[in-house]
Amino acid sequence: MKRSRTIEGLQDFLEPVREDVFYRRGDPNDVRLGEIVPDIGYEEAEVVILGCPQDEGVKRNRGREGARFAPERIRREFYKFTPFGLKVKIFDAGDVKCEGSLEEIHSVHQKVVAKILRDGKKLIVLGGGNDISYADGAAMAEVFGPDSWVAINIDAHLDVRADIPRNSGTPYRQLLDEKLLLPNYFYEVGYQTQWVSTIYYRYLQNLGVNLISIEQLRSGEQTDQELRENLRAKFIKESKSLSVFFGFDLDVVRMADAPGVSAPNPTGLRGGELISLVKLAASLANTRIIEFTEVNPMFDIDNRTSKLVAVAMHRFCSNIKRD
């Protein structure tokens, strides 16, 4: 029997996923996620999917519009997949209602995310613009405390602009300035120097933020080795008490693998390297949120970027480490 796709107490803030997004093949020998997920209730689920379909922050940051279409396009690709290897039950909460200003949208998004985190669920958040990292991070700080969570920004850019009003380039500056995130618990991973302001780089250096460039990521035998060893060395004594957030801005991936993004990048990570980092996120028992942003279907080719994120979601769900 099909379950309700609403979360008690959040009905006024969420828009359910359209029925036609859930792919159905109708073959009992080849069942797809679109035939399974609608039958899973919120209470029994371990992973919740939440969309935030807006790109106001991208527009404010002079990026190319279109990220607001990403949550639905990514879902359409994800729900075509089979449940092979999946270890968790998934609930799709739908999309945050993106009404009013960007600031108002962030406030609603934070409220929804905080509720889901308090209920002990893991979250896959689909943007939209990278500005929602602020709302997701604020929810992490609200639920777990500013000194009890680690933020890992996988991105070609640093996203610590001092702009007013806020935009897709300001989320981590906001979290740091508002003392919602400790600098030594913040990782900037995969940045490329041609996209980085020396002033903002020094700002992060002076704060003591952990900085891992794309070259450092690739210095080990595996792409995730530098980050994995850094996390292990720094938090080995505290790993059981710290919650973790991973933000994946898809412009960290090269255009050949991810052409449909807000800010295209010719020299980024390969698609397989992104998947390695997603699997690292899944392997950490205390990963609470994994966020994908800046996918822009208006500039995609054969849904290549949406498919990559859908595969990343599948790999995350099939490699999750139990608490």
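Predicted model, so just to flag it, every value in this text is computed and none were measured.

Visitor: Please set out the overall build of the chain residue by residue, giving values where relevant.
Guide: Check the secondary structure of the chain and you find 11 helices and 9 strands. Against the 2.2 N^0.38 benchmark of 20 Å for 323 residues, the chain shows a C-alpha radius of gyration of 18 Å, consistent with a compact globule. Per-residue burial for the chain yields a buried fraction of 56% across its 323 residues. For the chain, restricting intrachain contacts to residue pairs at least 6 apart in sequence, the fraction spanning at least 24 positions comes to 79%. Put simply, the chain shows about 13400 Å² of open surface, and 48% of that area lies on carbon and sulfur atoms. Across the chain, the mean location of the 44 positive side-chain charges is 3 Å away from that of the 48 negative side-chain charges.

Visitor: A description of the packing of aromatic side chains should follow, citing residues and the corresponding values.
Guide: The final tally for this structure, using the stated rule, is 9 aromatic pairs. Here Tyr42 and Phe91 contribute two aromatic rings whose centre-to-centre distance is 5.5 Å and whose plane-to-plane angle is 70°, an arrangement assigned as edge-to-face. With Tyr42 in the loop between α1 (33-36) and β2 (47-52) and Phe91 in strand β3 (residues 90-96), this pair connects stretches of sequence that are 49 residues apart. Considered together, Tyr42 and Phe91 belong to a single accessibility category, that of buried residues. Between the aromatic rings of Tyr191 and Tyr201, the centroid separation amounts to 5.9 Å while the plane-to-plane angle is 55°, which identifies the pairing as tilted. Taken together, the residues Tyr191 in strand β6 (residues 186-191) and Tyr201 in helix α7 (residues 198-207) connect sequence positions 10 residues apart. Within the aromatic cluster, the residues linked to one another by ring pairs are Phe22, Phe78, Tyr79 and Phe81. Note that Lys121 overlies the ring of Tyr42, its terminal NZ or CZ placed 4.9 Å from the centroid. Above the face of the Tyr203 ring, Arg173 is positioned so that its terminal group lies 3.8 Å from the ring centre.

Visitor: Help me get a handle on the pairing of β2, residues and values and all.
Guide: The buried fraction of β2 amounts to 6 of the 6 residues, a majority that puts the element mostly inside the structure. On β2, burial covers both faces: Val47, Ile49 and Gly51 on one face and Val48, Leu50 and Cys52 on the other are all buried. Judged from the 4 bridges that link them, β2 and β3 form a sheet pairing that is parallel. Bridging from a neighbouring strand, Ile49 pairs with Asp92 of β3. Where β2 meets strand β4 (residues 122-127), 6 bridges bridge the pair, whose relative direction is parallel. Opposite Cys52, over in β4, you have Gly127 as the bridge partner.

Visitor: Account for the sheet that holds strand β8 (residues 243-249), with residues named and values stated.
Guide: A sheet is described by the order of its strands in space; here 9 strands give the open sequence β1-β3-β2-β4-β9-β8-β5-β6-β7, paired in mixed fashion. Looking at strand neighbours, the two that pair on one side only are β1 (14-15) and β7 (210-213), the edges of this open sheet. Pairing between β1 and β3: 2 bridges, direction antiparallel. Residue Leu14 lies in a different strand from β3, and its bridge partner there is Val96. Across the face of the sheet, helix α4 (residues 102-118) comes into contact with β1, β2, β3, β4 and β9 (287-293) while running at roughly 180° to β2.

Visitor: Tell me about the pattern of salt bridges, and name the residues and values.
Guide: All chains considered together, the criterion is met by 25 salt bridges. In this structure, the salt-bridge partner of Arg218 is Glu273, at a minimum N-O distance of 2.9 Å. Of the two residues, Arg218 sits in the loop between α8 (214-217) and α9 (225-235) while Glu273 sits in helix α10 (residues 271-283), which places them 55 residues apart along the sequence. When salt bridges that share partners are traced, they join Glu56, Lys59, Arg60, Glu103 and Arg166 into one network.

Visitor: Describe in detail the packing of α10 against helix α11 (residues 304-318), supporting the description with residues and values.
Guide: As a packed pair, α10 and α11 sit with axes 9 Å apart at the nearest point and diverge in direction by 30°. Here α10 is positioned roughly parallel relative to α11, judged by the angle of their axes. In this structure, α10 crosses over α11, and the sense of that crossing is right-handed. Contacts between α10 and α11 involve Gly271, Leu274, Ile275, Val278, Lys279, Ala281 and Ala282 from the first element and Leu308, Val311, Ala312, Arg315 and Phe316 from the second. Counted by class, the contact of α10 with α11 contains 9 nonpolar, 1 polar and 2 charged residues.

Visitor: Please provide a residue-by-residue account of unusual backbone geometry, values included.
Guide: Here Gly127 and Gly128 are connected by a cis peptide whose omega angle stands at 15°. Inspection of the secondary structure puts Gly128 in the loop between β4 and α5 (132-144). Going from Ile164 to Pro165, the amide bond is cis rather than trans, its omega being 5°. Checked against the element boundaries, Pro165 lands in the loop between β5 (149-154) and α6 (171-177). A positive phi angle is found at Arg62, which is not glycine, with a value near 65°.

Calculation notes
- Residues numbered from 1 in each chain as written.
- Predicted model: local features only at pLDDT ≥ 70, side-chain atom pairs only at ≥ 80, totals over all residues.
- Heavy atoms only, no water.
- Helix = DSSP H or I, 4+ residues; strand = E, 2+ residues; numbered from the N terminus.
- Rg over C-alpha atoms; globule rule 2.2 N^0.38 Å.
- Buried < 20%, exposed > 50% of the residue type's maximum accessible area, 1.4 Å probe, protein only.
- Contact = heavy atoms within 4.5 Å.
- Areas by Shrake-Rupley, 256 points an atom, 1.4 Å probe, with all protein chains shown as cover.
- Lys, Arg positive; Asp, Glu negative; His and termini not counted.
- Charge placed at Lys NZ, Arg CZ, Asp CG, Glu CD.
- Phe/Tyr/Trp six-rings, centres within 6.5 Å; stacked < 30°, edge-to-face > 60°.
- Lys NZ or Arg CZ within 6 Å of the ring centre and 35° of its normal.
- Pairing = 2+ DSSP bridges.
- Axes fitted to C-alpha atoms, helices over the stretch in contact; angles between N-to-C directions.
- Salt bridge = Lys/Arg side-chain N within 4 Å of Asp/Glu carboxyl O.
- Parallel < 35°, antiparallel > 145°, perpendicular 65-115°, else oblique.
- Left-handed = near helix turned anticlockwise from the far one by under 90°.
- Nonpolar A, V, L, I, M, F, W, Y, C, P; charged D, E, K, R; others polar.

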